Each structure stands twice: as structure tokens, then as C-alpha cells.
Amino acid sequence: MKKIDAKDLHQYYGKQIEFSGFVDNIRDLQWVQFVILRDSTGKVQVTIEKSEEKNKEMVELISNLPLESTVKVSGVLMEAPKVKLNGMELIPESIEVTSKSLDELPFTYKNLEGVNLDTRLDYRFIDLRNDKNLAIFQIQNKLVQYMREYLYQKDFIEIHTPKLIGAASESGSEVFEVKYFDRKAYLAQSPQFYKQMAMASGMSKIFEVAPAFRAENSNTNRHATEYTSFDVEFSYIDSFQDVMELESEMIHQSFSKVKEEMGDQIKDLFGSDLIIPTLPFPVMSLEEVYRELEERYSYHVEESEKNDLTTEAEKLCYKLSKDKFHHEFLFVTNYPAEKRAFYHMRDEKGILQGYDLLFRGVEITTGAQREHRYEEILKNAKEKGLSKDVEFYLEFFKYGCPPHGGFGIGIDRFTMLLLGLPNIKETQFLFRGPNRIEP
Ligand code: AMO
């Protein structure tokens, strides 16, 4: 029989059904046993009358059954307005234990207060049984689904680029090396070069949602050594403004849909208001940002640090963006070229045609118009001492390549900020960091 989801049970009142799930709770009273079963979509109460002779075996079974075992219950589903849990109860005829749990769990997943995060990650499969933790992934799933949908509406196609690569990509640093038969290979830190290869292939509009690997020894709340990157690239743009416009529309639309579907749940579980960002998103140059941070909040940094946003400045940008624009997002532009990747386009004055997008005071995206002119990209690569390493990439620009641009969003970080969670460890299915590569 096909597994019925808890959320669909109301369609089966008065019917003989089978329901499978985890044993979430048992209340063993004098005359009756209430067994709460749980699947990923909800919960249902199974009611066993102790006085009925035919229930004797089931009562015995339940009396000795550890919580978190899994069972398959056959019985009749009754509408029962008095039952607090969804106004229904399952009256069982038989119960089959499909997996018996040990009596003691490593920790009480229902109340995680005081449970060490490392212990939780060691037993992530139990940690994820917590309602709130499960919800993180259900919300993340919707967010990605609606971002994908936006792109599909615009005729983008999803491609799948290799993560095992022969030459260290982008910069040569921060890349994991792996043994590849009798030679070295690397784990891709971004699909950047292949997104651009797709443009040279004439694909015009592509995206990819896939792992990216960073060999950075960064132990912050927003860095991981492996994360999920939502990458977009498209051709025939006039400037990086087109890229910012597409990204902000995509976020606007997906936030609207997530809010409609899960806004209440986000508020209840995370206390976080999902605010649909108005269009267009505000934009400021790096120079303007530092000027205003100084004027408004007396935030000073050394001139030498003003070629990038300090972590503190990033944080203050949240306040700035709210105070100045009543907005939670902020595009920051006009970064100096020497701080940025060689594939970003620069204008005649050497100003970078790219941006960072900050959300709630943390960078979630880098985006840009790319340099698609062979001579220019060669010059930029040489300037960074990269021309040999990126020879295969430079080939893409020799045989016709349209002007193009794109961006990458770290999904795990984005989810963390959206739900107001303290750490990226909470939003990765299994966190990967400098000190954690297990389970
Ligand atoms: P960048 O390196 O800025 O740009 O990365 C883009 C976004 O990816 C996320 N991110 C991370 N998330 C978790 N842990 C990390 N260690 C980590 N590093 C990056 C962030 C970041 O904003 N190729 C360009 C994108 C492009 O231009 O299309 C790139 O990778 O959210």
C-alpha cells in the first residue's frame, strides 16, 4: 500500500488505512494508550482502548516500545473533534514494529537548549528530527524552488558542471587538491569558468545549484569549506546593472512566494519576519558606504582598508540600508579592480563592473559583467600572474563570445540570514568546516 503522508490523512476519514511513522510520544493511561506518530509532514494520534480484549497484544507491544522506533499501523481513521492533534484519531487493528530504537537517545532532540552543537552535528540524523531543524530545510527547499522557477520562467536552463578539475580555478589559492590517478586534480571552488564556457557555447541563459569547495581555514559563523552555490550566468547584457536587476527580481519573487506559503511558520518557529524586499534594491558605491558610515555612525577605518568592506562595515551596512532606504538588501559597487577576480569587466577608468549584494549585513552574492574580449581578459589574467593556469579558459574568448554576466549566491548563508540563525552549521544538511568532515 502506498505510504499516506500525515498531512493528507483528512482525506481518509472512515476508511481502513495503513500509516507509518516514528513513535513521537506515548501516553500510557489507566484505560487507554495514546501513541503519537510522526512523519516529515505532520503527526497523528493512535488511540488504543485497553479494555478491549482484541487490543491486548498491541497494548503489551506499546508498553515496551521505546520512543523513536518506527511502526506501521493498520486501522480505521476517525474524525474526532475532541482530539487536540488535528481532530482525528487512528483506531488500530494491528501494529508492526519496522525498526526498534534503543531506549536512550544521545540527547533530547525535542529540546535542544543546552545541547552542545558538536554533539548535535555528530548525531545530525537525530538533531534533524527536531521540528524547527526540519523546517529549516523545508524552507530552504522552497526558497531554491522559487528561485529556480523564476529562472525557468525566463527560459534559463540548469546545467551540471564538473567539480573535479584539472587546474586550480579562479585564483590558485583556497583550492582543495585531490589525488587523481597519477596526477593532481582540484575541487572546484566555483563553476565560474564553466558558466562562462556555456556563454561561449551559445547557451545564453544558464544556472546551476551545486557544491562549491573552499580550502579556507575560516572559522566564522558564515564560512564552510563546502557549501551550495546557486550560480547564474546570461548573455547579451548591456552592463552589470542587468545582472543586479535579474538577481533582485528573482529574490523579490521567491521571497513573495515563500512568505505566502511559509511566512507564518517562519515567524512562529524562528521569530523572524520575512519582509518582501521592494524593487529596485538600493545601490551604493563602496566609497559612498564608507563616507556615510563615517557621517552617520562615526565609523572610521584606515584608508588602506577602504578597498573592501570590513566585517564591521558589512554589519553596519544593515543599519545603513534600513535607516537610509528602509531595506534589508544593499548592492555595493565600485570595488577597486585589484581586490577582485580578473574575469570581472572594468570600464575605461578601471572601475570594476561588478557588485556584492549584502543581506542583513552579510555578503550573500558576488556578481559582475565579465570581461569577454580576448585581449582584455588576457591582459587581466597576466596582471594577476595567471595566464598559464587559465589557458583553457582564455580559449573560450577566441571564437566569438557574447557580452555576459552573472552571480553566485551561497544558499546555506542565505538561509541562515533569512531565518535569523546564528550559524551556517544550522543550515547545512551536514556542515563541512576546517575541523569537521564527519559524519
Ligand atoms: P564569491 O567567492 O564571492 O564569488 O562567492 C559567492 C557567494 O558564495 C558564498 N560563499 C560561501 N558560503 C559559505 N562558505 C564559504 N566559504 C563561502 N564562500 C563564498 C557567499 C558568497 O557571497 N564566482 C563568483 C560568483 C560570480 O561572480 O558569479 C564567486 O564564487 O554567499
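Above: the structure in question.
Basis of the calculations
- Residues numbered from 1 in each chain as written.
- Predicted model: local features only at pLDDT ≥ 70, side-chain atom pairs only at ≥ 80, totals over all residues.
- Heavy atoms only, no water.
- Helix = DSSP H or I, 4+ residues; strand = E, 2+ residues; numbered from the N terminus.
- Buried < 20%, exposed > 50% of the residue type's maximum accessible area, 1.4 Å probe, protein only.
- Contact = heavy atoms within 4.5 Å.
- Areas by Shrake-Rupley, 256 points an atom, 1.4 Å probe, with all protein chains shown as cover.
- Lys, Arg positive; Asp, Glu negative; His and termini not counted.
- Charge placed at Lys NZ, Arg CZ, Asp CG, Glu CD.
- Pairing = 2+ DSSP bridges.
- Salt bridge = Lys/Arg side-chain N within 4 Å of Asp/Glu carboxyl O.
- Core = buried A, V, L, I, M, F, W, Y, C linked by side-chain atoms within 4.5 Å.
- Near = heavy atom within 4 Å.
- Polar contact = N/O pair within 3.5 Å; in protein donor to acceptor, adjacent residues only side chain to side chain.
- Phe/Tyr/Trp six-rings, centres within 6.5 Å; stacked < 30°, edge-to-face > 60°.
- Lys NZ or Arg CZ within 6 Å of the ring centre and 35° of its normal.
- Patch = residues over 30% accessible without salt bridge, like charges linked within 9 Å, V, L, I, M, F, W, Y side chains within 5 Å.

It is not clear to me how the overall build of the protein chain should be interpreted in this structure. Could you clarify?
Counting secondary structure elements, the protein chain contains 11 helices and 16 strands. With the C-alpha coordinates aligned to their principal axes, the bounding extent of the protein chain is approximately 90 × 60 × 40 Å. Of all 439 residues assigned to the protein chain, the portion counted as buried reaches 51%. Across the protein chain, the fraction of contacts at a sequence separation of at least 24, relative to all contacts at a separation of at least 6, is 65%. Summed over its atoms, the accessible surface of the protein chain is roughly 21,800 Å², and 49% of this surface lies on carbon and sulfur atoms. Once the 56 positive and 73 negative side-chain charges of the protein chain are each reduced to a mean point, those two points are 1 Å apart.

Can you help me understand the sheet that holds strand S7 (residues 164-165) in this one?
As summarised here, the arrangement of the 3 strands in space is S7-S9-S8, forming an open sheet in which the pairing is antiparallel. Two strands bound the open sheet, and with one partner strand each, they are S7 and strand S8 (177-180). Pairing between S8 and strand S9 (residues 183-187): 4 bridges, direction antiparallel. Paired with Tyr180 across the strands is Arg183, a residue of S9.

It is not clear to me how the pattern of salt bridges should be interpreted in this structure. Could you clarify?
Close approach of charged atoms lets side chains of opposite charge pair. In this structure the tally under the stated criterion is 36 salt bridges. Of the charged contacts, one joins Glu303 and Lys306 as a salt bridge, the two residues approaching to 3.0 Å between their closest N and O atoms. In this structure, Lys319 and Asp323 form a salt bridge, with 3.4 Å as the shortest nitrogen-oxygen distance. Of this pair, Lys319 and Asp323 both sit in helix H8 (residues 311-325), 4 residues apart, roughly one helical turn. In the salt-bridge network here, residues are joined through shared partners; they are Asp24, Arg38, Lys43, Glu68, Lys110, Arg129 and Asp131.

What is the right way to look at the nonpolar core in this model?
In summary, soluble globular proteins display a tendency toward joint burial of nonpolar side chains. Formed by 51 residues in total, the largest nonpolar core has its most connected members in Ile139, Leu151, Phe230, Val232, Phe255, Phe329 and Phe414. A total of 11 residues in this core trace back to one element, the largest contributor, which is helix H6 (residues 240-270). Sequence-distant contacts of Phe230, that is, excluding residues within four places in its chain, are made with Val144, Met147, Arg148, Leu151, Phe207, Glu208, Val209, Met250, Phe407, Gly408, Ile409 and Ile411. Ranked by size, the runner-up nonpolar core spans 22 residues in total, among them Ile17, Phe19, Met58 and Leu65.

How do you make sense of the site of the ligand when you look at a structure like this?
Every one of the 21 residues lining the ligand counts as a neighbour, but Gln192, Arg214, Glu363, Thr366 and Arg370 are closest to it. Between the ligand and the protein, one listed contact pairs a nitrogen atom with a side-chain N or O atom of Tyr343 at 3.3 Å. At 3.4 Å from an oxygen atom of the ligand is found a main-chain nitrogen or oxygen belonging to Gly408. Calculation on the ligand without its partners gives an accessible area of 620 Å², and the protein chains cover 92% of this total.

Even after reading the chapter, I still don't get the packing of aromatic side chains, so can you show me in this structure?
The way to describe two aromatic rings as a pair is by their centre distance and the angle between their planes. Throughout the structure, instances matching the rule amount to 25 aromatic pairs. With a centroid separation of 5.6 Å and 80 degrees between ring planes, the pair formed by Phe359 and Phe414 is classed as edge-to-face. In this pair, Phe359 sits in strand S14 (residues 354-359) while Phe414 sits in helix H11 (residues 411-418), placing the two residues 55 residues apart along the sequence. Through a chain of ring-to-ring contacts, three or more aromatic side chains come together here, namely Phe193, Tyr194, Phe342, Tyr343, Phe392, Tyr393, Phe396 and Phe397. Looking at Lys3, its charged tip hangs above the ring of Phe19, at a distance of 3.9 Å from the centre.

What is the right way to read a nonpolar patch on the surface from this model?
Together, Leu164, Tyr180 and Phe181 give the surface a local cluster of nonpolar side chains, amounting to about 340 Å² of exposed area. Looking at the element boundaries, Leu164 is found in strand S7. Leu164 sits in the partly exposed class, given a relative accessible area of 46%.

Would you mind showing me how to read the side chain of His344 here?
Within the element layout of this structure, His344 appears in the loop between strand S13 (329-333) and S14. In this structure, His344 is in contact with Leu352, Thr366, Gly367, Ala368, Gln369, Arg370, Glu371 and Asn380, ignoring residues within four places of it in sequence.

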